[in-house]
Amino acid sequence: MSGRLAGRRVLITGGEGFIGSNLAAACLAEGAIVRSLDVGLAGTGYDPRNLDGLDVERLTGDIRDSKAVEAALDGVDLVFHCAATTAHGRSLKAPLENLSINAEGALVIFESVRAVNPTATLVYVGTTTQLGPIGEASADEDHAQQPVELYSAHKMLAERAALIYGKSHGLAVSAVRLPNVYGPRMAVHDPGLSFLGWFIGLGLRGERLTVFRPGTQLRNIIHVDDAVEGLIRAGLRDETRGQVTVVGHPAHAAVIDAARAIAAHIGGEAALVDWPAGRKAIEVGHARLDCRRSWVRLGWKPGITLADGLARTGAWFRRHREAP
Ligand SMILES: NC(=O)c1ccc[n+]([C@@H]2O[C@H](COP(=O)([O-])OP(=O)(O)OC[C@H]3O[C@@H](n4cnc5c(N)ncnc54)[C@H](O)[C@@H]3O)[C@@H](O)[C@H]2O)c1
């Protein structure tokens, strides 16, 4: 098998979720031998159909169980840590579960790599929501992190821990932050997960995509194929070791324009509505990213346009899923 990962053995935690499963497909296409460790957590983007048709070794286990993690690490030379409990709002209602999975669980991964497989390369998947409110600025890789909900705070903690493991224990660690990701295999039924997934689901059903007015806050939005290309490059390129690399798109879109694009390329109709009580507390305003340093480290930058990516996403859901 040829490809950039020919013969490499890859472990993806959270491999049955949205990004993990797309990453699994991309790693297979690059010639890797792929294993997933996933516990099948409700309230996340977990969907066992995500790995259907892919030659992936599926392990069922919890990242907080060091025995399960150590077994999953056997013979592996590249680890992508994607597993997480991913609902931002819910992290305020179940703070200890969130801490336990997103921070402690990550530490179990790092500690297990150190103990049983210290030559493996580890890619930690973080989120640009770790930054919190950025204001009018464009945030680069060094921008201060002031998360406004516990999911992002715990992701930030785990990212710091990953980099500390790299430095203190000599592990090959790359920390990657992703912005808003959309595409095939994403969860489209749960408004508590990504707003893009929720809107895409509404669009597929021909319903109203309700945006809290005025919806002008800018977001960095990437197609999952760009996200996984960034992750694979981070896994391969020494330039990303010990660094925070942000896989952001050169273009930004207002939330209302993203909703209109979903309506145009997938279905439904965008409509402005008032904010529901309590939701504004975790709103961060504009989220502009300056990823120039990261693009140099990656030797590449995301390039899939919103229009093209949404059209491909709509076509994929219509072909592979029942009416959502
Ligand atoms: N989707 C996005 O827009 C986005 C943006 C930035 C960062 N991220 C990060 O990327 C990673 C993947 O996100 P996603 O959207 O694919 O999430 P997802 O919710 O689709 O998938 C997460 C997966 O992790 C698994 N999981 C949860 N807890 C586990 C545990 N204790 N042990 C084993 N498996 C467990 C779930 O079962 C699920 O399959 C996460 O770390 C997330 O923080 C995602």
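Whatever comes next refers back to the structure up there.
Residues numbered from 1 in each chain as written. Predicted model: local features only at pLDDT ≥ 70, side-chain atom pairs only at ≥ 80, totals over all residues. Heavy atoms only, no water.

Colleague: What am I meant to see in the site of the ligand here?
Modeller: Residues in close proximity to the ligand total 29 residues, the closest being Asp-38, Gly-45, Thr-86, Tyr-151 and Lys-155. The contact in question runs from an oxygen atom of the ligand to an N or O atom on the backbone of Gly-17, over 3.2 Å. The contact in question runs from an oxygen atom of the ligand to an N or O atom on the backbone of Leu-41, over 2.8 Å. Notes on the ligand: free accessible area 830 Å², of which the protein chains cover 95%. At the level of elements, α1 (18-29), β5 (121-127) and α5 (150-169) are the ones that each hand at least two residues to the shell around the ligand. By residue number, the principal contributor to the shell around the ligand is β5, which donates three residues. Grouping the amino acids of the shell around the ligand by side-chain chemistry returns 15 nonpolar, nine polar and five charged. (Near = heavy atom within 4 Å. Polar contact = N/O pair within 3.5 Å; in protein donor to acceptor, adjacent residues only side chain to side chain. Areas by Shrake-Rupley, 256 points an atom, 1.4 Å probe, with all protein chains shown as cover. Helix = DSSP H or I, 4+ residues; strand = E, 2+ residues; numbered from the N terminus. Nonpolar A, V, L, I, M, F, W, Y, C, P; charged D, E, K, R; others polar.)

Colleague: Sorry if this is basic, but what is going on with the pairing of strand β1 (residues 9-13) here?
Modeller: Regular strands show a simple pattern: their side chains alternate between the two faces of the sheet. Here β1 lies mainly inside the structure; four of its five residues are buried. Sheet topology note: the β1/strand β2 (residues 33-38) ladder contains five bridges and is parallel. Bridging from a neighbouring strand, Thr-13 pairs with Leu-37 of β2. Regarding topology, α1 serves as the crossover connection from β1 to the parallel β2, and that connection is right-handed. Summarising the sheet, β1 and strand β4 (residues 78-81) pair through four bridges and their orientation is parallel. Of the residues in β4, the one forming a bridge with Thr-13 is His-81. (Buried < 20%, exposed > 50% of the residue type's maximum accessible area, 1.4 Å probe, protein only. Pairing = 2+ DSSP bridges. Right-handed = clockwise from strand over helix to strand, strands pointing away.)

Colleague: Is there a simple way to explain the sheet that holds β2 in this structure?
Modeller: In a beta sheet, neighbouring strands pair by backbone hydrogen bonds and run either parallel or antiparallel. Across the sheet, seven strands lie side by side as β3-β2-β1-β4-β5-β7-β12; this open sheet has parallel pairing. Each edge of the sheet is formed by a strand with only one pairing partner; in this case those strands are β3 (56-60) and β12 (244-246). On average, adjacent strands in this sheet sit at an angle of 20° to one another, irrespective of strand direction. Of the strands in this sheet, β1, β2, β3 and β4 are in contact with helix α2 (residues 66-73), which crosses β2 at around 175°. (Axes fitted to C-alpha atoms, helices over the stretch in contact; angles between N-to-C directions. Contact = heavy atoms within 4.5 Å.)

Colleague: Can you walk me through the nonpolar core in this structure?
Modeller: Across soluble globular proteins, you tend to see nonpolar side chains buried next to one another. Among the nonpolar cores identified, the biggest contains 56 residues, and Leu-23, Cys-27, Phe-80, Leu-178, Ile-200 and Leu-231 are the most heavily contacted of them. Sort the elements by how many residues they give to this core and α1 lands first, with seven residues. Residues within four places of Leu-178 in sequence aside, it is in contact with Ile-19, Val-125, Gly-126, Thr-127, Thr-128, Ile-222, Ala-227, Leu-231 and Val-247. (Core = buried A, V, L, I, M, F, W, Y, C linked by side-chain atoms within 4.5 Å.)

Colleague: Explain the environment of Ala-32 to me, please; I cannot follow it from the model alone.
Modeller: Turning to its location among the elements, Ala-32 is positioned in the loop between α1 and β2. For Ala-32, a relative accessible area of 7% corresponds to the buried category. Along the primary structure Ala-32 and Ala-258 are separated by 226 residues, whereas in three dimensions their C-alpha atoms are 34 Å apart. With residues up to four places along the chain from it excluded, the contact list for Ala-32 reads Leu-5, Arg-8, Val-10 and Cys-27.

Colleague: So what exactly am I meant to see when it comes to the environment of Leu-78 here?
Modeller: Considering the arrangement of structural elements, one finds Leu-78 in strand β4. Overall, the relative accessible area of 0% leaves Leu-78 in the buried class. It is 9.8 Å that separates the C-alpha atoms of Leu-78 and Ala-32, two residues lying 46 residues apart in sequence. Setting aside residues no more than four positions away along its own chain, Leu-78 makes contact with Leu-5, Arg-8, Arg-9, Val-10, Leu-11, Thr-121, Val-123 and Gly-235.

Colleague: Sorry if this is basic, but what is going on with helix α6 (residues 195-204) here?
Modeller: An α-helical segment advances 3.6 residues per turn. Residues three or four places apart therefore align on the same side. Most of α6 sits out of view: eight of its 10 residues are buried. If you follow the buried residues of α6, they end up packed against β8 (180-182), β9 (208-212), β11 (221-223), α8 (255-265) and α10 (306-320). Measuring from the side-chain oxygen of the N-cap residue of α6 to the backbone nitrogen of Leu-196 gives 3.0 Å; that N-cap residue is Ser-194. Just past α6, the residue Gly-206 takes up positive phi, approximately 70°.

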